[in-house]
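Read off the chains here:
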Amino acid sequence: STSTSASSAPPRPCCNQPYNMASIPQTIRTHLTRKLRIRPSPSHNKNVISTTRRLLSNNNAITRPKISWLDLRGAGLSAVERLAMEELLLRHDPLERCWAIIGVHEPTENKLLNISLPPHDDWSAQRKRADGDRVVDAYGHENDGFNRSCAVIMGIGGKAERLIDIQSAKDDGVLVLKRFSGGGTVVVDHSSLWTTFIGRNKLLPDVKPFPRDIMKWSADVVFGPAFDSWNREISASSGARSRRGRQTLVFQGKSCGLGDGKSLTLPPVEKETPQTNLLTARYKRPEHVRSDDAPKFQLRENDYVLGERKIGGNAQSIVSGGFLHHTSFLWDWDSTNMEYLTLPAKRPDYRGDRSHDEFLVRLKDHYGEHSAKNTLFTHVKYATGESFELEEMTLNDALKIADEKFGGLQEWFDGKCRTKVVKL
């Protein structure tokens, strides 16, 4: 801990104010456990709480590390532009800040970079030359016979001939990328929820710079608490709706066998409207899934899972002095797009030989009846703010680094950026 003036110290708690472990940010608990050598024991939580009370009451503040929060929703960036931006911030941020980045991105439509798409000719000119009716994909995007609804992204060591159905991908003109980080192959589309955390060793000394340690940190500090918060929100809202929908009939006479003033509570009746009918038409939860009883979020081997099924792909990039951990959570997906992926030779034991459809699960199946897909980002931000001091950033703040260091994002991508388009 560091000594601060009384004016900058956190509010002094009342001596009778109750404490619980959930109210103490993870970074502070880690600091107390490792730095002050409070060892796990039956009284471990009590020791952490009492030490926190003593530090705060003595006007000693345990400083939370700052993290730059960058929300790229609505920025219009594509998948390749997002990846180029991430590596730029990891390797070339002159201030060496921690970053948390969220967003939903276009699979192929670039806003900032001039990149030719498969079949690697002038796509814009081809669209102008095309005759006849436009071909529209599942999202309503015109594609002129090529699949622009998704992109396939391999890790830096990925081999297309081993991981992708190359002939199918070539026939459909699918964009294939090789990113700068490790990990396996993922399919991203308009329903992929991107999260990225960039950490600096000097600011997060207790996070060992190894993939499994980074994943455990992210699961314990960010995603585990985020999903717990999301589940609590749904439980609370479901209970409120149930109470609001309850109807009570009061009988004044005795013809029904009830005395005066007796009441009978009936089940809630949902009012049907054109809006609710439209929502029902857009989404119907699978019969085997109970949205009010979602499996608990877990880190299983190297995957984030709900129960026995994976909810997203993740990868890491570790550099001198820091690391990057990014995840694409699966809110929804088109099963036909998953067919571009082959069954990898190296896969986790718990997967076995399950196909992608059997191995993966849509977050929408558990949360879509009660939440919009962006709700995940709300809870991730809340969980991040419990352990970090958030500093809001903008896209221009990030682009400024590319401008000053390389002359622009295009120059960075064409030069030292490790994310590249793969020509099949």
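Since the model is a prediction, treat every value here as computed from it, not as a measurement.

Parameters at a glance
The written sequence of each chain sets the order in which its residues are numbered from 1. Where local features are concerned, this predicted model is filtered to residues with pLDDT of at least 70; where side-chain atom pairs are given and counted, the filter is 80 or more; whole-chain, interface and lining totals use all residues. As a convention, hydrogens and water are excluded, and side-chain values are obtained from all of the structure's heavy atoms. Patch definition: residues with relative accessible area over 30% and no salt bridge; like charges joined within 9 Å; nonpolar side chains (Val, Leu, Ile, Met, Phe, Trp, Tyr) joined within 5 Å. Working definition of accessibility: Shrake-Rupley area with a 1.4 Å probe, residue cover restricted to the visible protein chains. By definition, a salt bridge exists where a carboxyl oxygen of Asp or Glu is found within 4 Å of a side-chain nitrogen of Lys or Arg. We treat Lys and Arg as the positive residues and Asp and Glu as the negative residues; His and chain ends play no part in the count. Here the site of a charge means atom NZ of a Lys, CZ of an Arg, CG of an Asp or CD of a Glu. Strands are runs of DSSP state E lasting at least 2 residues, helices are runs of H or I lasting at least 4, and numbering of each runs from the N terminus. Note on exposure labels: buried denotes an accessible area under 20% of the residue type's maximum, exposed denotes more than 50%, and partly exposed covers the range between, all computed with a 1.4 Å probe on protein chains only. A 3.5 Å cut-off defines polar contacts: any pair of N or O atoms within that distance qualifies, except that in protein one atom must be a possible hydrogen donor and the other a possible acceptor, and neighbouring residues in sequence count only when both atoms are side-chain atoms. Contact definition: two residues touch when any of their heavy atoms are within 4.5 Å. For helices, the axis comes from a line fit to the C-alpha atoms of the stretch in contact; other axes are also lines fit to C-alpha atoms, and the angle between any two N-to-C directions lies between 0 and 180 degrees. In this scheme, roughly parallel covers angles under 35 degrees and roughly antiparallel covers those over 145, while 65 to 115 is roughly perpendicular and the rest are oblique. Handedness of a helix crossing follows the sense of rotation of the near helix relative to the far helix, less than a right angle counterclockwise being left-handed and clockwise being right-handed. For this scheme, ten residues count as nonpolar: Ala, Val, Leu, Ile, Met, Phe, Trp, Tyr, Cys and Pro. Four count as charged, namely Asp, Glu, Lys and Arg, and the remainder, Gly too, count as polar. Here the rule is simple: two strands pair whenever DSSP picks up at least two bridges between them. Take the buried Ala, Val, Leu, Ile, Met, Phe, Trp, Tyr and Cys residues and link them wherever side-chain atoms come within 4.5 Å; each set so joined is a nonpolar core. Multiply 1.5 Å by the residue count of a helix minus one, and that product is the helix's expected span. Within 6.5 Å between ring centres, the rings of Phe, Tyr and Trp (the latter by its six-membered ring) count as paired, and their orientation is classed by plane angle as stacked under 30 degrees, edge-to-face over 60, tilted in between.

Caption draft 1: Inspection of a negative patch on the surface at higher detail. Among the surface-exposed residues, Asp 165, Asp 171, Glu 339, Asp 357 and Glu 358 lie close enough to one another that they form a single negatively charged patch. With respect to the secondary-structure elements, Glu 358 resides in helix 10 (residues 356–359). With a relative accessible area of 46%, Glu 358 lands in the partly exposed category.

Caption draft 2: Fine view of the side chain of Asn 314. Along the chain, Asn 314 turns up in strand 14 (residues 312–319). One polar contact links the side chain of Asn 314 to the main-chain carbonyl oxygen of Asn 302, over a distance of 3.2 Å. Looking at Asn 314, its side chain comes within polar contact range of the side chain of Gln 316, at 3.2 Å. Once you skip the residues sitting within four places of it in the chain, Asn 314 turns out to touch Met 215, Asn 302, Asp 303, Tyr 304, His 325, His 326 and Thr 327.

Caption draft 3: Up close: the packing of helix 3 (residues 79–92) against helix 13 (residues 395–406). One way to put it is that helix 3 packs onto helix 13 with a least axis distance of 10 Å and a crossing angle of 65°. In this view, helix 3 runs roughly perpendicular relative to helix 13, as classed from their interaxial angle. The way helix 3 lies across helix 13 gives a crossing that is left-handed. On helix 13, the residues touching Met 85, Leu 88, Leu 89 and His 92 of helix 3 are Leu 395, Ala 398, Leu 399, Ile 401, Ala 402, Lys 405 and Phe 406. Of the residues belonging to the contact of helix 3 with helix 13, the class tally is nine nonpolar, one polar and one charged.

Caption draft 4: Structural context of the sheet that holds strand 8 (residues 192–200). In spatial order, the strands read 14-15-8-4-3-16; together these six strands make up an open sheet with mixed pairing. This sheet does not close on itself; its edge strands, each paired only once, are strand 14 and strand 16 (389–393). Direction aside, the axes of adjacent strands within the sheet are offset by 15° on average. Of the strand pairs in this sheet, strand 8 and strand 15 (residues 322–330) are connected by nine bridges, and their pairing is antiparallel. When the bridges of strand 15 are listed, Ser 192 appears paired with Leu 330. Running over the sheet, helix 3 touches strand 3 (66–71), strand 4 (99–103), strand 8, strand 14 and strand 15 and is turned about 10° from strand 8.

Caption draft 5: Up close: the nonpolar core. Counting residues in each nonpolar core, the largest one holds 38 residues, and the members touching the most others are Leu 70, Met 85, Leu 89, Ile 153 and Leu 409. Considering each element in turn, this core owes the most residues, eight residues, to helix 3. Membership of the second largest hydrophobic core comes to 35 residues, among which are Ala 100, Leu 193, Met 215 and Phe 329.

Caption draft 6: Seen up close, helix 3. Across its 14 residues, helix 3 extends 20 Å between first and last C-alpha, which sits within 8% of the 20 Å expected from 1.5 Å per residue. Most of helix 3 sits inside the fold, with 13 of its 14 residues counted as buried.

Caption draft 7: Summary view of the packing of aromatic side chains. Across all of its chains, the model carries 16 aromatic pairs by this definition. Between Phe 227 and Tyr 367, the aromatic rings sit 6.1 Å apart at their centres with planes inclined by 55°, giving tilted as the arrangement. Taken together, the residues span a long stretch of sequence, with Phe 227 in helix 7 (residues 211–245) and Tyr 367 in helix 11 (residues 363–367) at a distance of 140 residues. Assessed through its relative accessible area of 1%, Tyr 367 is described here as buried.

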